[in-house]
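Working through the structure, step by step
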There are 2 protein chains.
Amino acid sequence: MENNENTAVTRENLAPLFAKSELIPAIIQDIENNDVLMLGYMNEESLGLTLDTGRTWFYSRSRKKLWNKGETSGHFQDVRELWYDCDADTLLIRVFQHGPACHTGSRSCFFNRLA
Amino acid sequence: MENNENTAVTRENLAPLFAKSELIPAIIQDIENNDVLMLGYMNEESLGLTLDTGRTWFYSRSRKKLWNKGETSGHFQDVRELWYDCDADTLLIRVFQHGPACHTGSRSCFFNRLA
């Protein structure tokens, strides 16, 4: 990993997060019990909307458009903390999760165990 | 997200995880306190090595080669649980982390707070 921890990322300057890729992964973690709920992808616009609305917005790679998590299901994610990693290419968003995070009805998307 | 939860993924058949992309994100979570430590990328070969050795192997996008986390630092990650998500394109690996996970010396790579 590169040592980019001095990159100044602010609401007014989100661009450093997207320097390597237009889409970056956002890990969504339940602030109540620290469970990892899901992973989505964000572009600069969806991250801006997330910061401005206090709820998560992602970019769908298959549908090629922005989506607000919960817009159809009501299972919104209220952003409590937003962190980025040492090389500024991954987000960790700690949320209050309304209802299940997964479209299957599971609380978390990670319910399949491989090992 | 697509509804692929019936995809049969086993050690002998890891291919469904890499159907959409040769590289998939692997979220690394500390099994002791549920902190998210880092995110790395795995290809099929690195996931196989991870399963076979019980320690994490990633694919470095910048160096374009496999790396065993801890091979130079000694900060290995012992795999305790390995999960994949509802649409089988993301891994969640719960580990016992030896020393700091981050190359900066921080326990977690997520020490920069944006909001």
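Let us look at the structure shown here. (Residues numbered from 1 in each chain as written. Chains lettered and ligands numbered in written order. Predicted model: local features only at pLDDT ≥ 70, side-chain atom pairs only at ≥ 80, totals over all residues. Heavy atoms only, no water.)

1. Things to note about the overall build of chain A
To be explicit about the condition: Each helix corresponds to a stretch of at least 4 residues labelled H or I by DSSP, and each strand to a stretch of at least 2 residues labelled E; elements are numbered beginning at the N terminus. Only protein chains enter the accessibility calculation, which uses a 1.4 Å probe; a residue whose area is less than 20% of its type maximum is buried, one above 50% is exposed, and one in between is partly exposed. Contacts: residue pairs with any heavy atoms within 4.5 Å of one another. Only the protein chains shown count as covering a residue, and every accessible area follows the Shrake-Rupley method with a 1.4 Å probe.
Within chain A, the regular secondary structure consists of one helix and seven strands. In chain A, the succession of helices and strands from N to C terminus is β-β-α-β-β-β-β-β. Along the longest, intermediate and shortest principal axes, the C-alpha atoms of chain A span 40 × 35 × 30 Å. Expressed as a percentage of the 115 residues in chain A, the buried residues total 50%. If you take every contact in chain A between residues at least 6 apart in sequence, the share linking residues at least 24 apart comes to 44%. Element-wise, carbon and sulfur atoms account for 46% of the exposed surface of chain A, whose accessible area totals about 5100 Å².

2. Things to note about the pattern of salt bridges
Under the convention used in this document: One side-chain nitrogen of Lys or Arg within 4 Å of one carboxyl oxygen of Asp or Glu is enough to make a salt bridge.
Following the criterion strictly, the structure yields twelve salt bridges over all chains and no others. Asp89 of chain A is the partner of Lys20 of chain A in a salt bridge, and the nearest nitrogen-oxygen pair spans 2.9 Å. Placement of the pair is Lys20 of chain A in the segment before strand E1 (24-30) and Asp89 of chain A in the loop between strand E5 (77-84) and strand E6 (91-97), with a sequence separation of 69 residues. For Lys20 of chain A, a relative accessible area of 48% gives the class partly exposed. Of the charged contacts, one joins Arg61 of chain A and Asp89 of chain B as a salt bridge, the two residues approaching to 3.4 Å between their closest N and O atoms. Remark: Asp89 of chain B occurs in the loop between strand E5 (77-84) and strand E6 (91-97) and Arg61 of chain A occurs in the loop between strand E3 (57-60) and strand E4 (65-68); the pair is interchain, linking two chains.

3. What to know about the interface of chain A and chain B
So the rule is basically this: What gets called buried area is simply the loss in accessible area from a 1.4 Å probe that two parts show on being joined, summed for both. In protein, a polar contact requires one atom able to donate a hydrogen and another able to accept it; more generally it is a pair of N or O atoms within 3.5 Å, and residues adjacent in sequence count only if both atoms are side-chain atoms.
Listed per partner, the contact involves 41 residues of chain A and 41 residues of chain B. Here chain A and chain B share an interface that buries about 3700 Å² over both sides, 66% of which is from carbon and sulfur atoms. Our count for the contact surface shared by chain A and chain B stands at two salt bridges. For the interface between chain A and chain B, the tally reads 14 residue pairs in polar contact (both at pLDDT 80 or more). Looking at the side of chain A that touches chain B, the elements that each hand over two or more residues are E1, strand E2 (36-42), helix H1 (44-53), E5, E6 and strand E7 (112-113) of chain A.

4. With respect to the pairing of E1 of chain A
Strand residues, when the strand is regular, have side chains that alternate between the two faces of the sheet. All names here are of chain A. Let me state the cut-off plainly: The rule for pairing is simple: two strands pair if DSSP sees at least two bridges between them.
The buried count for E1 comes to seven of seven residues, which makes it a mostly enclosed element. Taking every second residue as pointing to the same face, both faces of E1 are buried, with Ile24, Ala26, Ile28 and Asp30 on one and Pro25, Ile27 and Gln29 on the other. By the bridge criterion, five bridges tie E1 to E6 in an arrangement that is parallel. The partner of Ala26 across the bridge, within E6, is Leu91.

5. Some details on the pairing of strand E1 (residues 24-30) of chain B
The pairing of E1 of chain B with strand E2 (residues 36-42) of chain B spans six bridges and is classified as antiparallel. Bridging from a neighbouring strand, Ile28 of chain B pairs with Met38 of chain B of E2 of chain B.

6. A closer look at the sheet that holds E1 of chain B
Stated precisely, the cut-off is as follows: Only C-alpha atoms enter the line fits that serve as axes; for helices the fit covers just the stretch in contact. Angles between N-to-C directions range over 0 to 180 degrees.
Strand order across the open sheet formed by five strands is E7(A)-E5(B)-E6(B)-E1(B)-E2(B), with mixed pairing between neighbours. Bordering the open sheet on either side are E7 of chain A together with E2 of chain B, each of which pairs with just one other strand. The sheet contacts of helix H1 (residues 44-53) of chain B involve E2, E5 and E6 of chain B, and relative to E2 of chain B the element is tilted by about 125°.

7. Concerning the sheet that holds E1 of chain A
Where strands meet in a sheet, backbone hydrogen bonds hold them as pairs that are either parallel or antiparallel. Ordered by their spatial adjacency, five strands build an open sheet running E2(A)-E1(A)-E6(A)-E5(A)-E7(B), and the pairing between neighbours is mixed. Single-partner strands in this sheet number two, and they are E2 of chain A together with strand E7 (112-113) of chain B. When E5 of chain A meets E7 of chain B, the two strands line up antiparallel, connected through two bridges. In the strand pairing of E7 of chain B, Trp83 of chain A is matched with Arg113 of chain B. Sheet contacts for H1 of chain A: E2, E5 and E6 of chain A; angle to E2 of chain A, the most-contacted strand, approximately 125°.

8. Structural notes on the relation of the copies chain A and chain B
Threshold: Copy-to-copy superposition: least squares on the C-alpha atoms, limited to residues that have pLDDT of at least 70 in both copies.
Note on the identical chains: chain A maps onto chain B by a rotation of 180° and an axial translation of 0.0 Å, with an RMSD of 0.0 Å. The operation mapping one copy onto its partner corresponds to a two-fold rotation axis. It is Asn34 of chain A whose C-alpha, among those of chain A, lies nearest the rotation axis, at 2.9 Å. Most of the interface of chain A is mirrored in chain B, where 100% of its interface residues again form contacts.

9. So, H1 of chain B
All names here are of chain B. Taken together, the buried positions of H1 are Ser46, Leu47, Gly48 and Thr50. The inward-facing, buried residues of H1 contact E2, strand E3 (57-60), strand E4 (65-68), E5 and E6. In the stretch just after H1, Gly54 is the one whose phi turns positive, near 75°.

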